[in-house]
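Chain residues, written in single-letter form:
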Amino acid sequence: MVYTLSGVRFPSVQSVYKSPGFSSSNGGDRRNANVSSVFLNKKYPLSRKILAEKSSYESESRPSTVTASSGKVLVPGNPSDSSSSSTDQLELAQAVPENSPASTDVDSPTMGHASDVEPASDLTGSVAELDFSSSLQLQEGGKLKEFKTLDTSEVTIIDESDRIRKKGIPPPGLGQKIYEIDPLLKNHSEHLDYRFSQYKKMREAIDKYEGGLEAFSRGYEKMGFTRSATGITYHEWAPGAKSACLIGDFNNWDPNAGVMTRNEFGVWEIFLPNNADGSPAIPHGSRVKIRMDTPSGVKDSIPAWIKFSVQPPGEIPYNGIYYDPPEEERYVFQHPRPKKPKSLRIYESHIGMSSPEPKINSYTNFRDEVLPRIKKLGYNAVQIMAIQEHSYYASFGYHVTNFFAPSSRFGTPDDLKSLIDKAHDLGIVVLMDIVHSHASNNTLDGLNMFDGTDSCYFHSGSRGYHWMWDSRLFNYGHWEVLRYLLSNARWWLDEFKFDGFRFDGVTSMMYTHHGLSVGFTGNYNEYFGFATDVDAVVYLMLVNDLIHGLFPDAITIGEDVSGMPTFCIPVQDGGVGFDYRLHMAIADKWIELLKKRDEDWRVGDIVHTLTNRRWREKCVSYAESHDQALVGDKTIAFWLMDKDMYDFMALDRPSTPLIDRGIALHKMIRLVTMGLGGEGYLNFMGNEFGHPEWIDFPRADQHLPDGKIIPGNGFSYDKCRRRFDLGDADYLRYHGLQEFDQAMQHIEERYEFMTSDHQFISRKDECDRMIVFERGNLVFVFNFHWTNSYSDYRIGCLKPGKYKIVLDSDDPLFGGFGRIDHNAEYFTFEGWYDDRPRSFMVYAPSRTAVVYALVDKEEEVVEEEPIEE
């Protein structure tokens, strides 16, 4: 989470690209076409053999899955036919019966139901129900639509939305498996059982009044703008408003032309029939707002469920945009989602700052220039930040104003879809940095004071305000807030085909103190008591239930610094349900150590921090993320090498001791973090080659209420970009760091050591400054000593046989000194050493990391065969 002040918003130049595909001829931003990716074509003969053993942990119940069927799958002849956003193609959720207050079932006295609205028109049949055997014609609205057939042995992405809508989310389990996993939790069973009972009550209420979580999470089919064959219907939940009207370009902003009616649940509605020529009453791209007479006065707001929002050049407020492009401009997904990777290697990125040029980059440029780079580096997942629209660019995307709208700074929603589809084509899963922990406090283009009250989507009073982030806090116990947020998560997965989320600021959500000025020690009383926001935890359980129930291969990562027990245990077993916890303590530890001489480091302290995680709860480790590169902090490379990076990184001039030390430790820090830190790994873009500069978004001076001034940077983009050209330049030392990162990812791809059940730390020697550990069939040897190199150094191991070097940080390719002979073979001999039944002898130069792999007979045969070029 990035902490910034959000009181000022700045106009930004719009960069909108329309592209129905992702080929380079589609007219995208090609100004960076000359930026090349210079990678050495060193071949890694990667084996696909899985060395890790399968975990014995089994959940109490498994989510149901859909088996792909063979045959032919319908491909709409018209791109618009694959869209899942039209109300007339989707089954509406069951409306809440009158006189059936759900508040009595879920202990929420403020609960109302915006779902009690009527569909605008009759529904058409589902494409998925048709015969796949031949070309077909559908009759819809009096017109015949032709569908092509596509020969395939797998179900394609085109019919995914239809298949998902037919799925049911498995019922809650018993919620008792957590006590088997951790018997100490029995001391807090009263709290945990209450938490699970509240979750079950909410599930039961949603089943009763909404037809289940699946239907409940399709709120975007009823709320906001929905289009049918006869017109456009607009619904908005604003219970505090006295009157409301829809205004925009389509009616010349006349408040008398779009008067809305209100139902008993505070939902305002208006139906706009098609024009006489059959065209929609609101043209695509039109500006729209809702004008409300509220307890705080008359105000114009962007609709809460808006799908696109744009800031006009030279203006500060955003405008809501009715986004319904012509069929020929709508992007149609072509590629199925990649399979869920066993070993998760995440490339964290920000679209706007992903260009070497000082500008706001685009979705199309990221698609064409950055995705191939991520693929070549060996990452199998990209995590994209700042997708949800945010009016203040320097908030890093964390002060969200429009939750359903992808940021218009980078292009159109269809441009984003083409980016995700291209990533899937490359075999890369796409994760979204989603913000459900808080919202922007802007009142004109955000949700704050939406209906003129401070309690519409948020807690009222001080509980609804985060003083450090200057933002609003959701009321997770309210029915309509649950509909909004659950639908928001479903929207990004279904409409845009994201493969999962990193949930931001989860610690802030789970505790009423938001984790501020609280030092978590691991005492269970810190997690299960009155400071826990049970409503928020139940929401997290519901959203994980929803995501994993409808999208079994989706990935959820929670940003939690507290170490909440049960965080990464399935919901049906009594857990919160995340797949991974972001291991935030590791990056903090590295910053702490980098402020000291490495002579003062303690290898035992490093090992403890890297391995201090809960059993059977997976973690994503990282040495540095975007947080460690912001103004006020430094990248690891800058901590290590400081200003010498500007003058001594060229290979045609002598290095310095500071540069030599920095390059060596930079590689070791990343590898030991990946090797010991968790079951997943994350890198922020550019850090793979030791990005020399910090992140500083364009900003003006800020005048604080106390009269102090925070200097700006004159709206400069110089530090809001990524210097990929440095890593690509083979005449710079950055290139060696990038090559090492690439080798590190490919070694993990081959051996899958992060997910191996076998992990044993055999040595953490404070005198020698040595760390030796096994993970899978690999043995990692780290020598953190600043001067001492060790010949014939004995290291323990488990399995007998021959070992070989598969990664050496001292390789000249990686900017090292080449002190190790890669042709040497290492044979084990029997006898206990460091609690291992066998051992072998190695040479361990100072400040190096070497990975040894056990060579089996199959690999020996493969190695003897020549590699075809």
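Residues numbered from 1 in each chain as written. Predicted model: local features only at pLDDT ≥ 70, side-chain atom pairs only at ≥ 80, totals over all residues. Heavy atoms only, no water.

## Side note on the packing of helix H4 (residues 189–210) against helix H8 (residues 479–494)
Move 1: The interhelical angle for the contact between H4 and H8, taken along N-to-C directions, is 85°, at an axis separation of 13 Å. Overall, the two elements H4 and H8 adopt an arrangement that is roughly perpendicular. Contacts between H4 and H8 involve Met202, Ala205, Ile206, Tyr209 and Glu210 from the first element and Trp479, Leu482 and Arg483 from the second.
Move 2: Taken together, the residues that form the contact of H4 with H8 break down as six nonpolar, no polar and two charged. (Axes fitted to C-alpha atoms, helices over the stretch in contact; angles between N-to-C directions. Helix = DSSP H or I, 4+ residues; strand = E, 2+ residues; numbered from the N terminus. Parallel < 35°, antiparallel > 145°, perpendicular 65-115°, else oblique. Contact = heavy atoms within 4.5 Å. Nonpolar A, V, L, I, M, F, W, Y, C, P; charged D, E, K, R; others polar.)

## As for the confidence of the model for the chain
Move 1: When pLDDT is averaged across the chain, the result is 84; 81% of the residues are at 70 or more.
Move 2: Note on residues 1–112: pLDDT is under 50 here. Beyond four places in sequence and across chains, it has 338 contacts.
Move 3: Within the model, the stretch residues 115–153 combines pLDDT values under 50 with 97 contacts to residues more than four positions away or in other chains. (pLDDT = per-residue confidence, 0-100.)

## Quick look at the sheet that holds strand S18 (residues 439–440)
Move 1: An order of S18-S20-S19 is seen for the three strands of this open sheet, with the pairing classed as antiparallel. The open sheet has two edge strands with one neighbour each: S18 and strand S19 (465–466).
Move 2: Pairing of S19 with strand S20 (residues 471–472), which is carried by two bridges, proceeds in the antiparallel orientation. Directly across from Tyr465, in S20, lies its bridge partner Arg472. (Pairing = 2+ DSSP bridges.)

## Let's talk about unusual backbone geometry
Residues other than glycine predominantly adopt negative phi, and peptide bonds predominantly adopt the trans conformation.
Move 1: Even without being glycine, Asn252 reaches a positive phi, approximately 55°.
Move 2: Take Asn252: it is sitting in the loop between strand S6 (243–248) and strand S7 (261–262).
Move 3: Despite not being glycine, Glu752 shows a phi value in the positive range, around 50°.
Move 4: Examined against the element boundaries, Glu752 turns out to sit in the loop between helix H16 (734–751) and strand S28 (759–765).
Move 5: Using a relative accessible area of 15% as the deciding quantity, one classes Glu752 as buried. (Buried < 20%, exposed > 50% of the residue type's maximum accessible area, 1.4 Å probe, protein only.)

## Digging into the nonpolar core
Move 1: Counting 193 residues, the largest nonpolar core has Tyr457, Phe474, Trp492, Phe498 and Phe782 as its most contacted members.
Move 2: Among the elements that make up this core, the one with the highest residue count is helix H10 (residues 534–550) (twelve residues).
Move 3: Once residues lying within four places of it in the same chain are set aside, the contact partners of Phe498 are Arg337, Ile387, Leu416, Ile420, Val430, Leu431, Met432, Trp492 and Leu493.
Move 4: Counting 18 residues, the second-largest nonpolar core is a separate cluster that includes Val772, Tyr793, Val842 and Leu854. (Core = buried A, V, L, I, M, F, W, Y, C linked by side-chain atoms within 4.5 Å.)

## Looking at the pattern of salt bridges
Pairs can form between side chains of opposite charge whenever their charged atoms are close.
Move 1: For the structure shown, the criterion picks out 53 salt bridges.
Move 2: Between Glu495 and Lys417 there is a salt bridge; the shortest N-O distance is 2.7 Å. Of this pair, Glu495 sits in the loop between H8 and strand S21 (500–503) while Lys417 sits in helix H7 (residues 413–425); the two residues are 78 residues apart in sequence, bridging distant segments of the chain. Here Glu495 and Lys417 have matching classes, each one buried.
Move 3: Of the charged contacts, one joins Glu617 and Arg581 as a salt bridge, the two residues approaching to 3.8 Å between their closest N and O atoms. (Salt bridge = Lys/Arg side-chain N within 4 Å of Asp/Glu carboxyl O.)

## Things to note about the side chain of Asn380
Move 1: With respect to the helices and strands, the residue Asn380 is situated in the loop between helix H6 (363–377) and strand S14 (381–385).
Move 2: The buried category is assigned to Asn380, whose relative accessible area is 10%.
Move 3: Within the structure, Asn380 has its side chain in polar contact with the backbone oxygen of Ser343 (distance 2.6 Å).
Move 4: With residues near it in sequence (within four places) discarded, Asn380 still touches Pro341, Ser343, Leu344, Arg345, Gly427, Ile428 and Val429. (Polar contact = N/O pair within 3.5 Å; in protein donor to acceptor, adjacent residues only side chain to side chain.)

## As for H16
Move 1: With 18 residues, H16 extends 26 Å from end C-alpha to end C-alpha; this agrees with the ideal 26 Å at 1.5 Å per step.
Move 2: Of all 18 residues in H16, 17 are buried; the element is thus mostly enclosed. (Expected span 1.5 Å × (residues − 1).)

## Some remarks on the sheet that holds strand S4 (residues 224–227)
Move 1: Across the sheet, four strands lie side by side as S4-S5-S8-S7; this open sheet has antiparallel pairing. Strands at the two margins of the open sheet, each flanked by one partner only, are S4 and S7.
Move 2: In the sheet, strand S5 (residues 231–237) pairs with strand S8 (residues 267–273) via seven bridges, with the strands oriented antiparallel. Its bridge partner lying in S8, Gly231 is registered against Pro273.

## Here we look at helix H14 (residues 657–676)
Move 1: Taking 1.5 Å per residue as the helical rise, H14 with its 20 residues ought to reach 28 Å, and the 28 Å between its terminal C-alpha atoms agrees with that figure.
Move 2: With 17 of 20 residues buried, H14 is to be regarded as a mostly interior element.

## Some words on the pairing of S5
Move 1: Of all seven residues in S5, seven are buried; the element is thus mostly enclosed.
Move 2: Judged by which residues are buried, S5 turns out to be covered on both faces: Gly231, Thr233, His235 and Trp237 on one side and Ile232, Tyr234 and Glu236 on the other are all buried.
Move 3: Two successive antiparallel strands, S4 and S5, enclose a turn made up of three residues.

## What to know about the packing of H6 against H16
Move 1: Remark: H6 packs on H16, axes separated minimally by 8 Å, with the N-to-C direction vectors making an angle of 65°. Taking contact as the criterion, the partners of Arg373, Lys376 and Leu377 in H6 are, on H16, Gln738, Asp741, Gln742, Gln745 and His746.
Move 2: In terms of residue class, the contact of H6 with H16 is built from one nonpolar, four polar and three charged.

## Focus: the side chain of Ser487
Move 1: With respect to the helices, strands and loops of the structure, Ser487 is situated in helix H8.
Move 2: Exposure remark for Ser487: the relative accessible area of 0% places this residue in the buried category.
Move 3: In this structure the side chain of Ser487 is engaged in a polar contact, spanning 2.7 Å, whose partner is the backbone oxygen of Arg483.
Move 4: Residues within four places of Ser487 in sequence aside, it is in contact with Phe216, Ser217, Arg218, Gly219, Tyr220, Trp305, Phe404 and Leu482.

## Let's talk about the state of the cysteines
Move 1: The full count for this structure, using the stated rule, is zero disulfides.
Move 2: For the unlinked cysteine Cys568, the closest cysteine sulfur is that of Cys619, found at 6.4 Å.
Move 3: For Cys568, a relative accessible area of 8% gives the class buried. (Disulfide = S-S within 2.5 Å.)

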